[in-house]
Amino acid sequence: MHPSLTGLVVAVVAIAVATGCGLVWRAREGRVRPASGGCAETLAGLGVEAGAPVTLLQFSSLYCAPCRVARAVCADVAATVPGVRYVEVDADRHLDAARELHVWRTPTVLVVDARGRVVGRAVGAPSREHVLAAVAEVGSVLS
Amino acid sequence: MTLDPRGARFSAAITSVVLVLVLVTGSGWLALAQTVVFAIGAASARYAPYGMLFRRFVAPRLEPPAEREAAEPVRFSQGVGFAFLAVATVGYLTGTTAVGVVATAFALVAAFLNAAFGFCVGCELYLLGRRLAHTNRRTS
């Protein structure tokens, strides 16, 4: 094949792959999905207080623009919904905890219930609606 | 300094066009030019060439941004772009075209994801890289 034609084909394939990845990413981004696990000790080490009805635990990193969006959403929910605490940690400083909790990307927001169990997980900046729904679900299990 | 997020996507769009041209022409010199652009962007958000074009010619025609973002993630991703394009440039200029094509293609995927979807691959790689480095340190 002529070199420039090869280059053109590679460029088209690269753009097709990027578009596919982008569409999948956009569909998954920011959804709060059900999750399980979480070691109470690890969570306590990150500042999750035992007995708080719902904790939103956010892993952030320095090079992360969507982390700011996630922070604004979660801090706002914590300020407006009684019983919700918001804790933000730098993933960089808690790499062991990040591994234990399967955090690969920032922002990742974990929804932790009063017994110190991770019950929800959002990768990417979650929308306010998703966080409110997840928080309401934990609350309804408790009551 | 903080940046208009639309500027980052504008820059990624120009980068995507340049990378397509690199692939089609197979020009090591064009790859080198883009490598220099990435290097400047990684060193300083203020002097990033495409960002300067955005501020000079595009931003004045737009409404002020609703919010601004930190410059560090953008600079970090420019550094990742620099690494890929440096490899591509060496590949093209030494005649190992396959290396040039593959490295440029990866950079194009990243730039296009940023331009079209606002997804910053370089920023995402940061934690991944840190975790892998951390694991290696523990096991070695």
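Each value, and the rule that gives it
- Residues numbered from 1 in each chain as written.
- Chains lettered and ligands numbered in written order.
- Predicted model: local features only at pLDDT ≥ 70, side-chain atom pairs only at ≥ 80, totals over all residues.
- Heavy atoms only, no water.
- Domains from an automatic or database assignment.
- Buried area = accessible area lost by both parts, 1.4 Å probe.
- Salt bridge = Lys/Arg side-chain N within 4 Å of Asp/Glu carboxyl O.
- Nonpolar A, V, L, I, M, F, W, Y, C, P; charged D, E, K, R; others polar.
- Phe/Tyr/Trp six-rings, centres within 6.5 Å; stacked < 30°, edge-to-face > 60°.
- Helix = DSSP H or I, 4+ residues; strand = E, 2+ residues; numbered from the N terminus.
- Buried < 20%, exposed > 50% of the residue type's maximum accessible area, 1.4 Å probe, protein only.
- Lys NZ or Arg CZ within 6 Å of the ring centre and 35° of its normal.
- Contact = heavy atoms within 4.5 Å.
- Polar contact = N/O pair within 3.5 Å; in protein donor to acceptor, adjacent residues only side chain to side chain.
- pLDDT = per-residue confidence, 0-100.

What follows concerns the domain arrangement of chain A. Residue and element names in this part refer to chain A. Taken domain by domain, chain A consists of domain 1 (1–29) and domain 2 (31–142). Between the C-alpha centres of domain 1 and domain 2 there is a distance of 34 Å. Where domain 1 abuts domain 2, roughly 420 Å² becomes buried across the two surfaces, and 28% of that area is made up of carbon and sulfur atoms. Interface area lost by domain 1 to domain 2 is led by Ala 27, Arg 28 and Glu 29, which between them contribute 91%. In this structure, Arg 105 engages Glu 29 in a salt bridge whose closest nitrogen and oxygen atoms are separated by 3.2 Å. Looking at the side of domain 1 that touches domain 2 residue by residue, the classes come out as 2 nonpolar, no polar and 2 charged.

Tallied over the entire structure, the rule returns 3 aromatic pairs over all chains. Aromatic side chains Trp 25 of chain A and Phe 119 of chain B sit 4.4 Å apart centroid to centroid with 55° between the ring planes, which places their arrangement in the tilted category. Of this pair, Trp 25 of chain A sits in helix H1 (residues 3–28) while Phe 119 of chain B sits in the loop between helix H5 (97–117) and helix H6 (121–139), each in a different chain. Assessed through its relative accessible area of 12%, Phe 119 of chain B is described here as buried. A ring pair is formed by Phe 84 of chain B and Phe 106 of chain B, whose centres lie 6.1 Å apart and whose planes are at 40°; its orientation type is tilted. Of this pair, Phe 84 of chain B sits in helix H4 (residues 71–93) while Phe 106 of chain B sits in helix H5; the two residues are 22 residues apart in sequence, bridging distant segments of the chain. Residue class for Phe 84 of chain B comes out partly exposed when judged on its relative accessible area of 32%. Across from the ring centre of Phe 57 of chain B, 5.0 Å away, lies the NZ or CZ of Arg 56 of chain B, which sits over that ring. A cation over an aromatic ring shows up here: Arg 131 of chain B above the ring of Trp 104 of chain A, its NZ or CZ 3.6 Å from the ring centre.

Take the interface of chain A and chain B next. Residue-level contacts link 32 residues of chain A with 30 residues of chain B. Roughly 3,000 Å² is buried in total at the junction of chain A and chain B, and carbon and sulfur atoms are behind 69% of that figure. Contact with chain B buries area across many residues of chain A, yet Tyr 63, Leu 95 and Trp 104 of chain A alone supply 25% of it, more than any other trio. Along the contact surface separating chain A from chain B lie 0 salt bridges. There are 3 residue pairs in polar contact (both at pLDDT 80 or more) connecting chain A and chain B. Elements that contribute at least two residues to the side of chain A that touches chain B include exactly H1, helix H3 (66–80) and helix H4 (95–100) of chain A. Ranked by the residues each element gives to the side of chain A that touches chain B, the list is headed by H1 of chain A, at 14 residues. Looking at the side of chain A that touches chain B residue by residue, the classes come out as 19 nonpolar, 7 polar and 6 charged.

It is worth spelling out the confidence of the model for chain B at this point. All names here are of chain B. Here chain B averages 91 in pLDDT, and 98% of its residues register 70 or above. Of all helices and strands in chain B, the one with the weakest mean pLDDT is H6 (77), whereas helix H2 (residues 28–43) scores best (97). Under the prediction, the complex receives an ipTM of 0.86, its pTM being 0.81.

Excluding glycine, residues mostly have negative phi values, and the peptide bonds linking residues are mostly trans. Residues and elements named next belong to chain A. Here Thr 106 and Pro 107 are connected by a cis peptide whose omega angle stands at -5°. In this structure, Pro 107 sits in the loop between H4 and strand S4 (108–113). With phi around 55°, His 102 is a residue other than glycine that occupies positive phi space. Given a relative accessible area of 56%, His 102 falls into the exposed group.

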